Amino acid sequence: MSAGGTGQAEADRGEAGGVRTALAGLTTRGRSFLAAGIAAAICAYVLGQSDLLRVGLLLAVLPLLCATVLYRTRYRVAATRRLAPARVPAGSEARVHLRMDNVSRLPTGLLMLQDRVPYVLGPRPRFVLDRVEPGGRREVSYRVRSDLRGRYPLGPLQLRLTDPFGMCELTRSFSAFDTLTVIPRVEPLAPVRFSGEAKGYGDGRQRSLALAGEDDVIPRGYRYGDDLRRVHWRSTARYGELMVRREEQPRRSRCTVLLDTRGGAYEGAGPDSAFEWAVSATASALVHMLERGFSVRLLTDSGSAVPGEGGDGFGGGGPETADAAGLMMDTLAVIDHSDGTGLSRAYDVLRGGNEGLLVAFLGDLDEEQAATVAKMSRRSGGAVAFVLDPDTWVREATDVPRPGDRHAERLRMLREAGWTALSVPRGAALNALWQQADRERSGLASLSGEATG
């Protein structure tokens, strides 16, 4: 939950501007009374009817008097807005709570509240509040929902004042506003292992010695305070000085999730488009790997990552997992198509070292980009690619299916380079593809083991 939007409604300044504001606030009823009064006064002057003149003056003065009194009213009203929650998945609802406090010594009249919200969140909410006593409080709430991810401003809150006769209506605005973050949908994924590789897989945290065997342990010189039970006597006899075994070092498995954001790689728009599926799948994979204890990094085709991310990404499996997931979700909430046409920048980032597990969500690939992606698997402990089939995502249900030879050729290139590449048709469930990728990697590992034996 977040609190904000606190402030007081104040009157406009300036006499000339105040008169124009008051007259502009006349309602249809007030304008009608004013016009009727002026017309009656003119007719009374022409006909010489003093009674009609008094009626005309009364009709004309009443709306002007109401506008003057309403404009001179100095209500001191404080407003507070609270979001629950401030970060919500696409398609889910959030509730906005508004609280009005009368901080003056005078009671208020009839108040009408209107909060400004973007049209994608629904219609503008309006509320009517009766008389609020001095020091009194009123609370109202409304719901917002969006199928499109993004960051949406809420506010500023507008306070409408009206007189008892309905002749005039003025609007006072607060200055503060809040922001609602709509993040991508996150689908729970099965706890697969992606077996078959020695680097970057398995549990999130591992403990390993420098080398595998007891005799292959690389010792180091004795330091003051070392436990004598760690003395490696064979190395001590060999080097002629006291040597101890190295401590087991915790090693966290690493995972890089690559999201292809090239504008030319996707067609269509909207919550059911191919690009939105890729963003949602990326969010699901990031959260899943963080929960398993991996050090996770988000990478795009432009080579950029999450602001504040370390060199090894965000560490998972601890109390910082929720904060790391929140930062990544905030980044994915506003991510959009890039202006780039290639994946070379992402490849330059990946070829700097062993990145552990590499999970990629890719759009349409031409031959050049497929070759670039194929080379990415060389610096990873394992590579899994989900390539969206452009034919199924742009084709309507009534269209005749088109041959997918080009798409199948790209998948073949990735598989020959060591990728576990899966085609993603329209409407595919990520969890089913996730488990299918694990089965395919397990099968490849079994065949590799038999060939080695």
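Residues numbered from 1 in each chain as written. Predicted model: local features only at pLDDT ≥ 70, side-chain atom pairs only at ≥ 80, totals over all residues. Heavy atoms only, no water.

Student: I keep staring at the overall build of the protein and nothing clicks. Help me out?
Tutor: Within the protein one finds 11 helices and 21 strands. For the protein, with 453 residues in total, the buried portion stands at 44%. The long-range fraction of contacts in the protein, counting pairs at least 24 apart against all pairs at least 6 apart in sequence, stands at 74%. Carbon together with sulfur atoms contributes 52% to the accessible area of the protein, which is approximately 23,800 Å² in total. (Helix = DSSP H or I, 4+ residues; strand = E, 2+ residues; numbered from the N terminus. Buried < 20%, exposed > 50% of the residue type's maximum accessible area, 1.4 Å probe, protein only. Contact = heavy atoms within 4.5 Å. Areas by Shrake-Rupley, 256 points an atom, 1.4 Å probe, with all protein chains shown as cover.)

Student: Is there a simple way to explain unusual backbone geometry in this structure?
Tutor: Keep in mind that most residues, glycine aside, have a negative phi and that most peptide bonds are trans. Of the consecutive residues A84 and P85, the connecting peptide bond is found in the cis state with omega at -5 degrees. With respect to the helices and strands, P85 occurs in the loop between β2 (77-84) and β3 (87-89). The residue after G155, namely P156, is reached through a cis peptide bond having omega 5 degrees. Relative to the helices and strands, P156 resides in the loop between β8 (150-154) and β9 (157-162).

Student: How should I be thinking about the packing of aromatic side chains in this particular structure?
Tutor: Each pair of aromatic rings is reported with the distance of its centres and the angle of its planes. Under the counting rule described, the total for this entry stands at 5 aromatic pairs. For the pair F127 and Y142, a centre-to-centre distance of 6.3 Å together with 40 degrees between the ring planes defines the contact as tilted. Of the two residues, F127 is situated in strand β6 (residues 126-129) and Y142 in strand β7 (residues 137-145); the sequence distance between them amounts to 15 residues. Note on F127: relative accessible area 18%, which makes it buried. Overall, the relative accessible area of 8% leaves Y142 in the buried class. Ring geometry for F386 and W434: centres 6.3 Å apart, planes at 10 degrees, overall stacked. You can see F386 sitting in strand β20 (residues 382-388) and its partner W434 sitting in helix α11 (residues 430-452), a full 48 residues away along the chain. Overall, F386 belongs to the buried group, its relative accessible area being 0%. Of the residues examined, W434 reaches a relative accessible area of 0% and is grouped as buried. The ring of Y347 has K375 lying over it, and the distance from NZ or CZ to the ring centre is 4.9 Å. (Phe/Tyr/Trp six-rings, centres within 6.5 Å; stacked < 30°, edge-to-face > 60°. Lys NZ or Arg CZ within 6 Å of the ring centre and 35° of its normal.)

Student: Looking at this model, I keep getting lost on the packing of helix α5 (residues 274-291) against helix α6 (residues 321-334). Mind explaining?
Tutor: Running from amino to carboxyl end, α5 crosses α6 at an angle of 170 degrees, the nearest separation of the two axes being 10 Å. Judged by the inter-axis angle, α5 sits roughly antiparallel to α6. Seen from α5, the contacting residues are V279, T282, A283, L286, V287 and L290; seen from α6, they are T321, A324, A325, M328, M329 and L332. Residue classes in the contact of α5 with α6 are distributed as 10 nonpolar, 2 polar and no charged. (Axes fitted to C-alpha atoms, helices over the stretch in contact; angles between N-to-C directions. Parallel < 35°, antiparallel > 145°, perpendicular 65-115°, else oblique. Nonpolar A, V, L, I, M, F, W, Y, C, P; charged D, E, K, R; others polar.)

Student: Help me understand the confidence of the model for the protein in this model?
Tutor: Parts of the prediction with low pLDDT should not have their coordinates interpreted in detail. When pLDDT is averaged across the protein, the result is 81; 80% of the residues are at 70 or more. Highest mean pLDDT in the protein belongs to strand β11 (residues 178-183) (96); lowest belongs to strand β12 (residues 205-208) (41). Within the model, pLDDT remains below 50 along residues 396-401, and this stretch shows 2 contacts once partners closer than five positions in the same chain are excluded. (pLDDT = per-residue confidence, 0-100.)

Student: Can you help me understand the pairing of strand β4 (residues 93-102) in this one?
Tutor: Taken residue by residue, a regular strand's side chains alternate between the two faces of the sheet. Direction of pairing for β2 relative to β4: antiparallel, over a ladder of 8 bridges. By the bridge assignment for β4, A84 is matched with R95. Of the pairings in the sheet, the one linking β4 to β7 comprises 9 bridges and is antiparallel in character. For M100, the partnering residue across the bridge sits in β7 and is R138. (Pairing = 2+ DSSP bridges.)

Student: I keep staring at the environment of D336 and nothing clicks. Help me out?
Tutor: Checked against the element boundaries, D336 lands in the loop between α6 and α7 (344-350). D336 gets classed as exposed once you look at its relative accessible area, which sits at 51%. Along the chain, D336 and T261 lie 75 residues apart, while their C-alpha atoms are 6.8 Å from each other.

Student: Help me understand the sheet that holds β6 in this model?
Tutor: What links the strands of a sheet is backbone hydrogen bonding, and the strands pair in either a parallel or an antiparallel sense. Spatially, β6-β5-β9-β10 is the arrangement adopted by the 4 strands of the open sheet, whose pairing is antiparallel. Each edge of the open sheet carries a strand with a single partner, namely β6 and β10 (169-173). Averaged over all pairs of adjacent strands, the angle between strand axes in this sheet comes to 25 degrees, irrespective of strand direction. Examined bridge by bridge, strand β5 (residues 111-115) and β6 share 4 bridges and lie antiparallel to one another.

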